[in-house]
Amino acid sequence: MIRKADKNDIPGLMSLLRQVAAVHHSLRPDLFKGGTTKYSEQELTALLADDSAPIFVYDDGQILGHAFCQVSRVGSSRLLQDVKTLYIDDICVDEQQRGRHIGQALYEHVRRYASSIGCHNITLNVWHDNDAALHFYRSMGMRVQKTCMEMTL
């Protein structure tokens, strides 16, 4: 079952966040520290209370996946249209549970949620060498919106 996360889910979320951090560290150890997580338990507690940053979990008696989201609106801009966007900050399925379509279920839940609150689009970032994630998001119908480039010095 997919539902909005609550404070009882923090241990499961922390476990998944460690997996995400390990993937990022293995791809880009020059940018990502090893042995840490993006959020602390205290930061998760605050995020869980933020309606503009919903966190969804796939709960099968234990937390098998999550989707961290952020809802934003462009507002008044001379250049950009005033649109509401749902940004997927992080999506993860427990490495032992992959292949069970949990990620697809989470993504579809987020897509329906974004549509229900009037979002124009869904965005996210994927690290270039994360081939599995790139393949997954393309299979969900996503396409490249813009490209961020770098030169390491």
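The structure presented is a predicted model; accordingly, all values stated were derived computationally and were not measured.

Peer 1: Just to check I follow, could you spell out the side chain of H66 for this structure?
Peer 2: Position of H66 relative to the elements: it lies in strand β3 (residues 63-73). Beyond its immediate chain neighbours, meaning those up to four positions away, H66 contacts L13, L16, L17, F56, V57, D90, I91, C92 and L106.

Peer 1: Before we go on, may I ask you to explain the side chain of R3 in this structure?
Peer 2: Within the fold, R3 resides in strand β1 (residues 2-4). At 2.8 Å, the side chain of R3 forms a polar contact with the side chain of D9. In this view, R3 contacts D9, I55, F56, V57, D59 and I63; residues no more than four positions away in its chain are not counted.

Peer 1: Looking at this structure, how should I read the pairing of strand β2 (residues 55-59)?
Peer 2: The side chains of a regular strand alternate between the sheet's two faces. Counting buried residues in β2 gives 5 out of 5 residues, a clear majority hidden from the surface. Covered by surrounding structure in β2 are I55, V57 and D59 together with F56 and Y58, the residues of both alternating faces. Note that β1 and β2 share 3 bridges and pair antiparallel. Considered in β2, the bridge of K4 is made with F56. Linking two consecutive strands that pair antiparallel, namely β2 and β3, is a turn of 3 residues; a positive phi of about 90 degrees is found at G61 within it.

Peer 1: Explanation requested: the pairing of strand β4 (residues 84-93) in the structure shown.
Peer 2: When you tally the buried positions in β4, you get 8 out of 10 residues, the bulk of the element. One ladder, built from 4 bridges, connects β4 with strand β5 (residues 121-124); its direction is parallel. Its bridge partner being in β5, T85 is matched across the sheet by N121.

Calculation rules
- Residues numbered from 1 in each chain as written.
- Predicted model: local features only at pLDDT ≥ 70, side-chain atom pairs only at ≥ 80, totals over all residues.
- Heavy atoms only, no water.
- Helix = DSSP H or I, 4+ residues; strand = E, 2+ residues; numbered from the N terminus.
- Contact = heavy atoms within 4.5 Å.
- Polar contact = N/O pair within 3.5 Å; in protein donor to acceptor, adjacent residues only side chain to side chain.
- Buried < 20%, exposed > 50% of the residue type's maximum accessible area, 1.4 Å probe, protein only.
- Pairing = 2+ DSSP bridges.

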